[in-house]
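In case you want the letters, here they are:
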Amino acid sequence: MSNYRIQGATGEWEVVIGLEVHAQVTSNSKLFSGAATAFGAEPNSQVSLVDAAMPGMLPVLNRECVRQAVRTGMAIDAQINAWSRFDRKNYFYADLPQGYQISQLYHPIVGEGQLLIEADEKAGIPEDKIIGIERIHIEQDAGKLMHDQHPTMSYVDLNRSGVALMEIVSRPDMRSPAEAGAYVRKLRAILRYVGSCDGNMEEGSMRADVNVSVRRPGEEFGTRTETKNVNSVRFVMQTIEHEAMRQVDVLEAGGKIVQETRLFDPGTGTTRTMRSKEDAHDYRYFPDPDLLPLVLEEDFLAECRASLPELPDAKRTRYTDVLGLTPYNARELTAEVETFARFETLLAETAKAIGKDEAKVATQVANWSLSVAPGVMKAIGDEGDPANATAAAQASILAMADKGEISGGQAKEIFEIVLKTGREPSEIADAEGLKQVSDTGAIEAAVDAIIAANADKVEQYRGGKEALFGFFVGQTMKAMQGKANPGVVNQLLKDKLG
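As the structure is a prediction and not an experimental result, all values here were calculated from the model.

On a plain count of helices and strands, the protein comes out with 15 helices and 16 strands. Here the C-alpha atoms of the protein give a radius of gyration of 30 Å, more than 25% beyond the 23 Å that 2.2 N^0.38 yields for 498 residues. Seen through its C-alpha atoms, the protein measures out along the principal axes to roughly 95 × 55 × 55 Å. Across the 498 residues that make up the protein, the buried fraction comes to 47%. For the protein, restricting intrachain contacts to residue pairs at least 6 apart in sequence, the fraction spanning at least 24 positions comes to 69%. Of note, the protein has its 54 positive side-chain charges centred 2 Å away from the centre of its 73 negative side-chain charges.

Another aspect to go through is the side chain of Ser33. By the secondary structure assignment, Ser33 is in the loop between β2 (11-24) and α1 (63-75). Here Ala35 takes part through its backbone nitrogen, which lies 3.3 Å from a polar atom of the side chain of Ser33.

Before going further, it helps to spend a moment on the packing of aromatic side chains. The full count for this structure, using the stated rule, is 11 aromatic pairs. With a centroid separation of 5.6 Å and an interplanar angle of 80°, the aromatic rings of Phe32 and Phe86 are classed as edge-to-face. With a gap of 54 residues between them, Phe32 in the loop between β2 and α1 and Phe86 in the loop between β3 (83-84) and β4 (87-90) connect regions that are remote in the sequence. Judged by its relative accessible area of 4%, Phe32 is buried. Phe86 gets classed as buried once you look at its relative accessible area, which sits at 1%. Through successive ring pairs, a cluster of aromatic residues spans Tyr91, Tyr106, Tyr283 and Tyr285. Sitting above the plane of the Tyr283 ring, Lys89 keeps its charged end 4.4 Å from the centroid. Over the aromatic face of Trp13 sits the side chain of Arg216, whose NZ or CZ is 3.8 Å from the ring centroid.

Between α1 and helix α4 (residues 298-306), the least distance of the axes is 9 Å, while the angle of their chain directions is 60°. By the criterion of interaxial angle, the relationship of α1 to α4 is oblique. Our pair here, α1 against α4, has a crossing hand that is right-handed. Across the interface between the two elements, Arg63, Val66, Arg67, Val70, Arg71 and Met74 from α1 touch Phe300, Leu301, Glu303, Cys304 and Arg305 from α4. Residues of the contact of α1 with α4, tallied by class, amount to six nonpolar, no polar and five charged.

Between helix α5 (residues 312-321) and helix α7 (residues 337-354), whose axes approach to 13 Å, the crossing angle comes to 35°. For the pair α5 and α7, the crossing hand works out as left-handed. Of the residues in α7, those in contact with Lys315, Arg318 and Tyr319 of α5 are Phe340, Phe343 and Glu344.

Turning next to the pattern of salt bridges. Tallied over the full model, the rule gives 35 salt bridges. A salt bridge links Lys228 to Asp209; its shortest N-O distance comes to 3.1 Å. Here Lys228 is found in strand β12 (residues 225-230), whereas its partner Asp209 is found in strand β11 (residues 206-215), with 19 residues between them in sequence. We classify Asp209 as buried; its relative accessible area is 1%. Salt bridges sharing common partners tie together Arg5, Glu12, Glu14, Arg175 and Arg215.

Here the focus is helix α12 (residues 440-453). Helical geometry note: an α-helix holds 3.6 residues per turn, so side chains three or four residues apart project in the same direction. An ideal rise of 1.5 Å per residue puts 20 Å on 14 residues; α12 measures up with 20 Å between its terminal C-alpha atoms. The set of residues buried in α12 consists of Ile443, Ala446, Val447, Ile450 and Ile451. Viewed along the axis of α12, the buried residues span an arc of 135°, placing them on a single side of the element. Facing away from the buried side of α12, by more than 90 degrees, are the exposed residues Ala452 and Ala453. Contacts from the buried residues of α12 go to α13 (455-462), α14 (469-479) and α15 (486-497).

Let us look at the sheet that holds β4. Spatial strand order, β5-β4-β15: three strands in an open sheet with antiparallel pairing. On the outer flanks of this sheet lie β5 (100-103) and β15 (286-287), each paired with one strand and no other. In this sheet, β15 lies alongside β4 in antiparallel orientation, the contact comprising two bridges. Looking at β15, one finds that Arg88 is bridged to Phe286.

Criteria and cut-off values
- Residue positions are given per chain, counting from 1 as you read along its sequence in written order.
- Residue-level local features of this predicted model are given only where pLDDT is at least 70; pairs of side-chain atoms are given and counted only at 80 or more, and the full residue set underlies all totals for whole chains, interfaces and linings.
- Excluded from the side-chain calculations are hydrogens and water; all other atoms, namely the structure's heavy atoms, are used.
- A run of H or I in DSSP becomes a helix once it reaches four residues, and a run of E becomes a strand once it reaches two; helices and strands are each numbered from the N terminus.
- When we talk radius of gyration, it's over C-alpha atoms, and the globule rule is simply 2.2 Å times the number of residues to the 0.38.
- Note on classification: 1.4 Å probe, protein chains only; a residue is buried when its accessible area is under 20% of the maximum for its type, exposed when over 50%, partly exposed between these limits.
- Any two residues whose heavy atoms approach within 4.5 Å are treated as being in contact.
- The charged-residue count follows a simple rule in which Lys and Arg add positive charge and Asp and Glu add negative charge, with His and chain termini not counted at all.
- The location of each charge is read from NZ of Lys, CZ of Arg, CG of Asp or CD of Glu.
- Under this definition, polar contacts are N or O atom pairs within 3.5 Å; protein pairs additionally need one hydrogen-donor-capable and one acceptor-capable atom, and for neighbouring residues in sequence, both atoms have to be side-chain atoms.
- Stacked, edge-to-face and tilted labels apply to pairs of Phe, Tyr and Trp rings (six-membered ring for Trp) whose centres lie within 6.5 Å, assigned for plane angles under 30 degrees, over 60, and everything in between, in that order.
- A positively charged side chain is recorded as over a ring if its NZ (Lys) or CZ (Arg) lies within 6 Å of the ring centre. The angle to the ring normal must also be within 35 degrees.
- Axes, fitted as lines to C-alpha atoms, cover a helix only where it is in contact. Angles between the N-to-C directions of the axes lie from 0 to 180 degrees.
- For classification purposes, an angle smaller than 35 degrees is called roughly parallel, one larger than 145 roughly antiparallel, one from 65 to 115 roughly perpendicular, and anything else oblique.
- Put simply, a crossing is left-handed when the front helix is turned counterclockwise from the back one by less than a right angle, and right-handed when it is turned clockwise.
- The nonpolar class holds Ala, Val, Leu, Ile, Met, Phe, Trp, Tyr, Cys and Pro. Asp, Glu, Lys and Arg form the charged class, and all remaining residues, Gly among them, are polar.
- Salt bridges are defined by distance alone: a side-chain nitrogen of Lys or Arg within 4 Å of a carboxyl oxygen of Asp or Glu.
- In this analysis, the expected span of each helix is defined as 1.5 Å times one less than the number of residues it contains.
- Starting at the helix axis, one direction is taken to each C-beta atom, and the arc is that of these directions.
- For two strands to be treated as a pair, DSSP must find no fewer than two bridges joining them.

That's the geometry; what it means functionally is another story.
Here it is in structure tokens:
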């Protein structure tokens, strides 16, 4: 249960949040035409006669868009509706050439599902929480007005007209900006795992309509507002914070919240009125007469289910239960597709290089992947080439560390040189003198010299001043120019100091 509350002048208020996420479906063509969907194309260069609503043009449903929506529904344990239907949502705007949008109001392709957001004390999420998902429907996108191309006129770009969208509608189950942020991040991860959307919010292929209301804790839901087209997790959270505070101020001043559509201004972190909120009847929905109902066959559904990858929750459980990783490491490694892919590739390479089972080296590889390697990359910045950080090169470094041939510090030094030059790690270790000395004879000679030179401290140590042990370790490592194997140093000192 979230403990997030807004402290108003007249008492506490609770925020109620629901999100409608629009995700562009991964497909080479649009929902009802064969036009391309690539981002960044010249305006109006990817527009078919169907997209431009030329007379007599009829829509033809894209099978791949249906497949991706079904796979997404399966990934959130949702009901898949074998029978669904398309409706026309009628409204008039300059970037909507048909004068209507083809959507699914009454019979969506995906019904109720759910999504788990994990506990994160630092973020203000005290425990795991299930967020209900009401539906996923597929619909076509509108075009885009361009206001910066002419001093007195707006231009229309129809490249996005007809692009396939999944609208993923949550229940109003979120109670804090942190929960909403976690929900969007988790949903984005699932979409990217499945491959049904690339999740690039900065390119507009995933954006959220943010529904916010406030109430006294435990009371009925208040009147909500909807803030349209918010395109980053941070902006979603800012929208909620500002809009909730605005509504509390209005209510405590004796006013009423108006159901309306608002816009978020990233520059000021505030929302402003866009238009009064329409209801479904305002759009005069009716079944699209050009499209037959969509009927999904069992073989098609079975193929969709078989194509699903291991999803974030299952992967996180495997990382903790089978590989023995900490819950934190498991959560961080499964948060993004690229992160787990790099980790699993490096884990396999390292296990092979060391000759151990993956579970025995998983913690070592996880710590390297999440902390050590990113730290070195950040420290050297543009001096390093990420292409040099191959799984084979990193596995070679980890194998040398596992065998005691190099220390943790030497591993970082070698990796830095690898990033800058692309040289082989083993060659770097030999040529640059970056190997630990594990020769017991050489270390023992240094230990004997340190003990002989510090007879007074030896007497103090043996008299009970155990903190001096670190002094002897430091002096020995200094004498060995930092290249002595710490394990050997510690054992020899323990044996000789008694």
